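Chain by chain, the residues run as shown.
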Amino acid sequence: MQADMAAPHLQVAALEGESGSGKYTLAHYLFSRSPLSGGRFQRRDAREWLATDADPAALAGFTYLDRVDLLAPPGQGILLAVLKSLQDRPPGRAVVLASSQTSLRQMASQGLLLPDLAFRLTAIRFLIPPLRQRREDIAPLAQCLLDRLSTRYQQRPVILGPGTLARLLQHNWPGNVRELACVLETALLEVGNGVIKPPDLTLPDLAQLSQELQPGSFVGARPMDLSLDAVIRQHIQYVLDLNRGNKLRAARQLHISRSTLYRILGNEKILAQ
């Protein structure tokens, strides 16, 4: 496995894949196999990190940088300087993992990313396919997620009942692993006998699923308002629907406070102008 081979020797690597496809989970796996596993693992938004404390001399442990593909040219230049300084330091002191939802090499070829930065970030890169392209992973992922959720909620182990895995395999998972985790968490909190059955899954019915799988259906289903505020609200509404309107549970799964959720639902501006 590429991750097992590379983990002990990493210094810089890129993790590329759709939102929710499992980049952060892979980063933690790489950390667990690294000589630095006993140290610090920090997850930072690349733009925030570079704007506040991107001091190469202080860089230590595992740093997971979210959304490097959103860096503006000044931020790209700062990150490039950080990586250049990192190469002059003894190995085994710091690792930088850069997450991106798009191909960094393709961005460089289109003039959207500094070529030298793309080269340094992608000398080692992990391409994570969307869940719909690796359906063989759904069964082990589902059980792993259920075991983790059972521990979190201090419940007895939960299993998938007859027909439930088949239903999971029929879905196209536009939200990838994150959507799978959300669906399973909602089901786990609803059932009381330790067995999740097909009706317990908050998923589109088969007629809707058939339409969802038509070519171009995802493009056609996108909102007319493509602003980031609108997309964020659409995702929040989706998570609320999965949780049957339970705002506390939705906020927990979105990793935001309930007050933040209420502000967003109240149409308050999400992003600063």
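Cut-offs applied
- Each chain carries its own residue numbering, running from 1 in the written order of its sequence.
- Totals for whole chains, interfaces and linings use every residue, but because this is a predicted model, local features are given only for residues with pLDDT of at least 70 and side-chain atom pairs only at 80 or more, for both listing and counting.
- Processing note: side-chain calculations cover all non-hydrogen atoms of the structure and skip hydrogens and water entirely.
- Take a side-chain nitrogen of Lys or Arg and a carboxyl oxygen of Asp or Glu: if they are within 4 Å of each other, that pair is a salt bridge.
- Secondary structure elements follow DSSP: runs of H or I of four or more residues count as helices, runs of E of two or more count as strands, with numbering from the N terminus.
- The cut-offs for exposure are 20% and 50% of the maximum accessible area for each residue type, with area from a 1.4 Å probe on protein chains only; residues under the lower value are buried, those over the upper are exposed, and the others partly exposed.
- At least two DSSP bridges between two strands are needed for those strands to be called paired.
- Interaxial angles span 0 to 180 degrees and are taken between N-to-C directions of axes, which are lines fitted to C-alpha atoms, for helices over the stretch in contact.
- By definition in these notes, contact holds between two residues if any of their heavy atoms fall within 4.5 Å.

Some thoughts on the pattern of salt bridges
Taken as a whole and judged by the stated rule, the model has 11 salt bridges. Among the ionic pairs, Asp116 bridges to Arg120, the shortest N-O distance being 3.2 Å. Of the two residues, Asp116 and Arg120 are both situated in helix α6 (residues 115-122); the distance of four residues between them amounts to about one turn of the helix. Linking Asp200 and Lys197 is a salt bridge whose minimum nitrogen-to-oxygen distance equals 3.9 Å. Exposure remark for Lys197: the relative accessible area of 37% places this residue in the partly exposed category.

Structural notes on the sheet that holds strand β5 (residues 125-128)
Taken in spatial order, the five strands line up as β2-β3-β4-β1-β5 in an open sheet, and their pairing is parallel. Where the open sheet ends on each side, the last strands, each with one partner, are β2 (41-45) and β5. The mean inter-strand angle of the sheet, taken between neighbouring strand axes irrespective of direction, is 20°. Bridge count between strand β1 (residues 12-17) and β5: four bridges; the pairing is parallel. Residue pairing for β5: Glu16 is matched across the bridge by Leu127. Strands in contact with helix α2 (residues 23-32) are β1, β2, β3 (61-66), β4 (94-100) and β5; relative to β3, the strand with the most contacts, it is inclined by about 170°.

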